[in-house]
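Chain and residue survey
One-letter residues, chain by chain:
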Amino acid sequence: MDKKKMLFIAIAVIMIVAIAAFAFISMTSTVTKVEITCNETVQNGDYISVVLKDNYRNVIPDQTVDLKILDDSGWAHKYNVTTDEMGRGYIQLVGFDNGNYTVHANFNGTLFLKESNSNFAFEINDGYTW
């Protein structure tokens, strides 16, 4: 065989393997869900927790979830939490002013876990005013 035919066959084999690998990963990827647990009114020192689960409600440990807490002015506080063996991650609210906030949780996914996100609005009220 000449070199052009060999090259064409090699490229065709690589393309077929790549398409098969993509199809396998797409079909076996697990749907995930991030759940945020927080009261609607909290104080500094309280916790916000997230739970990462699959579509069968099995918890997913040792994964990083990105949390972003936005205030009314758009200022963002960013955190990364790693889920424990129960699929939970926590952050403690410290140094926040009274006001309305929204927490956004984002799991970026992995090779076999699909990405997911969630958000929750809450208020911080420590019982004092300026």
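Heads up: these notes are all about the structure in this document. (Residues numbered from 1 in each chain as written. Predicted model: local features only at pLDDT ≥ 70, side-chain atom pairs only at ≥ 80, totals over all residues. Heavy atoms only, no water.)

**Side note on the overall build of the chain**
- If you tally the helices and strands in the chain, you get 1 helix and 8 strands.
- Counted from the first residue to the last, the chain has its helices and strands arranged as α-β-β-β-β-β-β-β-β.
- Rg of the C-alpha trace for the chain: 22 Å, well past the compact-globule value of 14 Å for 130 residues, more than 25% over.
- When its C-alpha atoms are laid out on the principal axes, the chain stretches across 85 × 30 × 15 Å.
- Considering only contacts in the chain between residues 6 or more positions apart, those separated by 24 or more positions represent 56%.
- Total accessible area on the chain is roughly 8,900 Å²; 58% of this is exposed by carbon and sulfur atoms.
- If you average the places of the 10 positive and of the 15 negative side-chain charges in the chain, the two averages end up 20 Å apart. (Helix = DSSP H or I, 4+ residues; strand = E, 2+ residues; numbered from the N terminus. Rg over C-alpha atoms; globule rule 2.2 N^0.38 Å. Contact = heavy atoms within 4.5 Å. Areas by Shrake-Rupley, 256 points an atom, 1.4 Å probe, with all protein chains shown as cover. Lys, Arg positive; Asp, Glu negative; His and termini not counted. Charge placed at Lys NZ, Arg CZ, Asp CG, Glu CD.)

**Side note on the packing of aromatic side chains**
- Within this structure, the stated rule accounts for 2 aromatic pairs.
- Considering the side-chain rings of Phe 96 and Tyr 101, the 5.4 Å spacing of their centres and the 90 degrees angle between planes classify their relative orientation as edge-to-face.
- Here Phe 96 falls in the buried class, since its relative accessible area comes to 4%.
- We classify Tyr 101 as buried; its relative accessible area is 6%.
- On the basis of an interplanar angle of 20 degrees and a centroid distance of 5.9 Å, the ring pair of Tyr 101 and Phe 122 is categorised as stacked. A residue pair is termed long-range when its members are at least 10 positions apart, and Tyr 101 in strand E7 (residues 99-107) and Phe 122 in strand E8 (residues 116-124) qualify at 21 residues.
- Judged by relative accessible area, which is 4%, Phe 122 ranks as buried. (Phe/Tyr/Trp six-rings, centres within 6.5 Å; stacked < 30°, edge-to-face > 60°. Buried < 20%, exposed > 50% of the residue type's maximum accessible area, 1.4 Å probe, protein only.)

**What to know about the sheet that holds strand E5 (residues 76-82)**
- Taking strand neighbours across the sheet as the criterion, the 5 strands line up as E2-E8-E7-E4-E5 in an open arrangement whose pairing is mixed. With partners counted over all chains shown, the strands left at the sheet margins are strand E2 (41-42) and E5, one partner each.
- Pairing between E7 and E8: 9 bridges, direction antiparallel. Opposite Asn 100, over in E8, you have Glu 123 as the bridge partner. (Pairing = 2+ DSSP bridges.)

**Quick look at the pattern of salt bridges**
- Within this structure, the stated rule accounts for 3 salt bridges.
- A salt bridge links Lys 33 to Glu 35, with the nearest nitrogen and oxygen atoms 4.0 Å apart.
- Arg 57 is the salt-bridge partner of Glu 35, the closest N and O atoms lying 4.0 Å from each other. On the criterion of sequence distance, the pair formed by Glu 35 in strand E1 (residues 32-37) and Arg 57 in the loop between strand E3 (47-54) and strand E4 (64-71) is long-range, its members being 22 residues apart. (Salt bridge = Lys/Arg side-chain N within 4 Å of Asp/Glu carboxyl O.)

**Description of a nonpolar patch on the surface**
- Together, Leu 7, Ile 11, Met 15 and Ile 19 make up a nonpolar patch on the protein surface, roughly 420 Å² of accessible area in all.
- Tracing the chain through its elements places Ile 11 in helix H1 (residues 3-28).
- Look at Ile 11 and you get partly exposed, because its relative accessible area is 46%. (Patch = residues over 30% accessible without salt bridge, like charges linked within 9 Å, V, L, I, M, F, W, Y side chains within 5 Å.)

**Looking at the nonpolar core**
- If you look at the biggest cluster of nonpolar residues, it comprises 22 residues, and the most contacted ones within it are Ile 48, Val 50, Leu 67, Ile 69, Leu 93 and Phe 122.
- Residue assignment for this core shows that the elements contributing at least two residues are E1, E3, E4, E7 and E8.
- It is E7 that provides the largest number of residues to this core, a total of 4 residues. (Core = buried A, V, L, I, M, F, W, Y, C linked by side-chain atoms within 4.5 Å.)

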